[in-house]
Amino acid sequence: MKQNCYILGIESSCDDTAAAVINNGHILSNVVATQKIHEEYGGVVPELASRAHQKNIVPVVHQALRKANIDKKDLKAIAFTRGPGLMGALLVGTSFSKSLALGLGIPLIDVNHMQAHILAHFIKADGQTTPSFPFLALTISGGHTQIVKVTNYFEMEVIGQTIDDAVGEAFDKSAKILGLPYPGGPLIDKYAKDGNPKAYPFTKPKVGPLDFSFSGLKTAVLYFIERETAKNPNFVAENRADICASLQFTIVDYLMDKLKNAVKATGITEIAIGGGVSANSGIRKALSDAETSYGWKTHVPNFEYCTDNAAMIAIVGQLKYEEGQFAKSDVVASARLKF
Ligand code: KG4
Ligand code: ZN
């Protein structure tokens, strides 16, 4: 039997304060405190996020240790999100992790948040399948939209990305135009279930074959809603499901077009998705259909590992621990950290 190797993961890059404990690939606890404060502002307010992280981090870590039924002295290492993300938010998790690791005399492991969204697939859990190398990862979140060629755990190459907004922003900003609270992505998904995806055709933005662009879509939605509301003030309320379904259909179709281009360019047919938007039911269905239509092998993470969480930080911590990749004690947070 493998020896216990408890690693604590800490995530604080945006508006979720999260902590998780992993033991040999199995998640023992996965605690997330989502900051409600941003809802009324229609987006994340960085200063408020930092303050909420400061308030939440100690209780969240305590809870993660308690749920895992271990003491902090049992930990072998602490993994934390170094970046990319909001600087003030990252600083809270970074300083906390550094002090705790120092206090306990155990190694510190720095984690790239976007790599973690991809490596979340290596968490051992019911309902999750593990991709084999090489595979293509579509990382879709509120801050990023990328296609990454993954050759090994830490050999990743971004082969396509957004030239403006991220796909999560396209969901959230469109939702805001429809009068929905932040983050609107999950609500668009919910209303889309009862709507006709072909009701309102939105044009898919034209950029390079592996690039993405979403700012035009947001503007198109704004003009469309303004035009229709001028004719009928109740247009949104009366047609919410059809608008959401059409919008989601356009976005998902666009993401699938890009994946098809990436498969063509690389010859790789094994696909994994990650990031908050991979919780979307439209993209989940499109990927599962692609297994039969195109013969791809696709991997979709469990819901709790899609949106920001610390379990994904903990798995990267474990993979790096096994390879002896530790952070130096003077490591600093990096808002624009690259792979
Ligand atoms: O990865 P994540 O939790 O945080 C970032 O790193 O950005 O992603 C958050 C994004 C938000 O834009 C949110 O609206 C979107 O993921 N999202 C969804 C769904 N669930 C979360 N978008 C569409 N459909 C969903 N079901
Ligand atoms: Zn994320």
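Look up: the structure comes first, before these words.
The paragraphs below set out a description of the structure included in this document. (Residues numbered from 1 in each chain as written. Chains lettered and ligands numbered in written order. Predicted model: local features only at pLDDT ≥ 70, side-chain atom pairs only at ≥ 80, totals over all residues. Heavy atoms only, no water.)

Let's talk about the overall build of the protein chain
Selection criterion: Numbering of helices and strands runs from the N terminus, with a helix taken as a DSSP run of H or I at least four residues long and a strand as a DSSP run of E at least two residues long. Radius of gyration here is computed from C-alpha atoms only, and the compact-globule reference equals 2.2 Å multiplied by the residue count raised to the power 0.38. Type-normalised accessible area, obtained with a 1.4 Å probe on protein chains alone, sets the label of each residue: buried when under 20%, exposed when over 50%, and partly exposed for intermediate values. Only heavy atoms matter for contacts: two residues are in contact if any of them lie within 4.5 Å across the pair. Values of accessible area rely on a 1.4 Å probe in the Shrake-Rupley scheme; residue burial ignores everything except the protein chains shown. Asp and Glu are treated as the negative residues and Lys and Arg as the positive ones, with His and the ends of the chain left uncounted. Charge positions come from single atoms, namely NZ of Lys, CZ of Arg, CG of Asp or CD of Glu.
The secondary structure content of the protein chain amounts to nine helices and ten strands. In terms of overall size, the protein chain behaves like a compact globule, its C-alpha atoms giving a radius of gyration of 20 Å where 339 residues would be expected to give roughly 20 Å. When its C-alpha atoms are laid out on the principal axes, the protein chain stretches across 65 × 45 × 30 Å. Put simply, the protein chain has 339 residues, and 54% of those count as buried. When contacts within the protein chain are restricted to residue pairs at least 6 apart in sequence, long-range pairs at least 24 apart make up 73% of them. Within the structure as shown, the protein chain displays about 14,900 Å² of accessible surface, and the carbon and sulfur contribution to it stands at 52%. Distance between charge centres in the protein chain, computed from 34 positive and 33 negative side chains, equals 1 Å.

With respect to the sheet that holds strand β9 (residues 270-274)
Rules: Strand pairing requires that DSSP identify at least two bridges connecting the strands. The angle between two axes is taken between their N-to-C directions and runs from 0 to 180 degrees, where each axis is a line fitted to C-alpha atoms and a helix contributes only its stretch in contact.
The strand order across the open sheet formed by five strands is β8-β7-β6-β9-β10, and the pairing between neighbours is mixed. The outermost strands of the open sheet, each flanked by one partner alone, are β8 (155-161) and β10 (297-299). The mean inter-strand angle of the sheet, taken between neighbouring strand axes irrespective of direction, is 25°. Both β9 and β10 contribute to a ladder of three bridges, which runs parallel. In the strand pairing of β10, Ala272 is matched with His299. The strands touched by helix α7 (residues 235-266) are β6 (135-140), β7 (145-152), β8 and β9; relative to β6, the strand with the most contacts, the crossing angle is about 155°.

Looking at α7
Going by this rule: Helix span, expected: 1.5 Å multiplied by one less than the number of residues in the helix.
Compared with the 46 Å implied by 1.5 Å per residue over 32 residues, the 44 Å span of α7 between its first and last C-alpha is a close match. Within two residues after α7, Gly267 carries a phi angle of roughly 75°, on the positive side.

Comments concerning the pattern of salt bridges
The line we're drawing: Salt bridge, as used here: a side-chain nitrogen of Lys or Arg that lies within 4 Å of a carboxyl oxygen of Asp or Glu.
Counted under the stated rule, the structure contains twelve salt bridges. For Asp165, the salt bridge is made with Lys218, and the minimal N-O distance between the two is 3.2 Å. Pair noted here: Asp165 is in the loop between β8 and α4 (167-177) and Lys218 is in helix α6 (residues 215-231), with a separation of 53 residues, a long-range link. Salt bridges sharing common partners tie together Asp165, Glu169, Lys173 and Lys218.

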